[in-house]
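# Tertiary structure, described
Each chain, letter by letter, is given below.
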Amino acid sequence: MEPGNNTGFPEFLLLGFSEDPELQPLIFGLFLSMYLVTVLGNLLIILAAISDSHLHTLMYFFLSNLSYVDICFTTTTLPKMLLFFLELDNFLLTVMAYDRYVAICHPLHYTALMTPQLCGLLVLVCWILSMLHALLHSLMVLRLSFCTNLEIPHFFCELNQVVQLACSDTFLNDLVVYFALVLLVTCPLAGILYSYSKIVSSIRAISSAQGKYKAFSTCASNLSVVSLFYCTGLGVYLSSVATHSSQSTSTASVIYTVVTPMLNPFIFSLRNKDVKRALKSLFRGKT
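Residues numbered from 1 in each chain as written. Predicted model: local features only at pLDDT ≥ 70, side-chain atom pairs only at ≥ 80, totals over all residues. Heavy atoms only, no water.

### Considering the confidence of the model for the protein
Summary statistics for the protein give a mean pLDDT of 81 and a share of 81% for residues scoring 70 or more. Note on residues 1-9: pLDDT is under 50 here. Beyond four places in sequence and across chains, it has 10 contacts. (pLDDT = per-residue confidence, 0-100. Contact = heavy atoms within 4.5 Å.)

Laid out in structure tokens, this is it:
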């Protein structure tokens, strides 16, 4: 956050990972490399989905949105924008799980159920809900009082870190955070678990091994990304509650804010023949 000593606003100082001047260039180089890989990888996914007509399907429409959100998520440092893109990631993964559920469990009705209009509406609802969620927390933080000079033991202004430094009562803020956690995280996660449980049941009912492999390969990447996203997010929450160590919380936060968006393009492309073919065509076209 910007300092504001002359305007009555608090000055937030982000301490980052280390104050050691010898380690800071190394940390900067590491984060810069990870950021460039994240942007390049997700950008290639988007370009491949746009340029290859074989990828003009609903699955890759959702994947392109996810890649765009991951680029924005790793680029922004504003708390309300971090909340917005984090929640948008959560909603998009839920929609992608539902898409795979319909494709595998109800293949004959897929085109009738998952129309382009419905998918566009689902993505729009994801954006609107994420925007309202971020706006709600931003307005809740505005009601708090802070001292003039504050140090946040983190590399970005995470909501919980900011609220904990308030001088005024934070009961209402904590209540809203937990209510939003239950409504906007637990419910989508329950939908994801239900979708993949039904998918597993449908795959087990397939008689041929080849049919099982083909069905599983269409959702394996999605399942890997969902596991990585929610496990790291849960790790951040548990580390902050159990240890109260700023170093462990910062390290865990790096996983879901930097590492997860960086790995997503590799997860979706390494075992996906369509994406690999589209990327090869894209590079051949440029050369």
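### Thoughts on the UniProt feature "transmembrane region" (unreviewed entry) in the protein
In the UniProt entry, the feature "transmembrane region" (unreviewed entry) is given for residues 26-50, 118-136, 175-194, 215-238 and 250-270. Helix makes up 100% of residues 175-194 and strand 0%, with an end-to-end C-alpha separation of 27 Å. (UniProt positions renumbered as here; feature names shortened; annotations may be inferred. Helix = DSSP H or I, 4+ residues; strand = E, 2+ residues; numbered from the N terminus.)

### So, the packing of aromatic side chains
Counting across every chain of the model gives 7 aromatic pairs. On the basis of an interplanar angle of 65° and a centroid distance of 4.9 Å, the ring pair of phenylalanine 84 and phenylalanine 85 is categorised as edge-to-face. Ring plane angle 90° and centroid distance 5.2 Å describe the contact between phenylalanine 229 and tyrosine 230, whose orientation is recorded as edge-to-face. An aromatic cluster is present here, built from Tyr68, Phe84, Phe85 and Trp127 joined pairwise through their rings. (Phe/Tyr/Trp six-rings, centres within 6.5 Å; stacked < 30°, edge-to-face > 60°.)

### Topic: a nonpolar patch on the surface
Judged by side-chain polarity, Leu121, Leu124, Val125, Ile128, Leu129, Leu132, Leu135, Leu139 and Leu142 come together as a nonpolar surface patch covering roughly 840 Å² of accessible area. Note on placement: leucine 124 falls in helix H5 (residues 116-142). Of the residues examined, leucine 124 reaches a relative accessible area of 46% and is grouped as partly exposed. (Patch = residues over 30% accessible without salt bridge, like charges linked within 9 Å, V, L, I, M, F, W, Y side chains within 5 Å. Areas by Shrake-Rupley, 256 points an atom, 1.4 Å probe, with all protein chains shown as cover. Salt bridge = Lys/Arg side-chain N within 4 Å of Asp/Glu carboxyl O. Buried < 20%, exposed > 50% of the residue type's maximum accessible area, 1.4 Å probe, protein only.)

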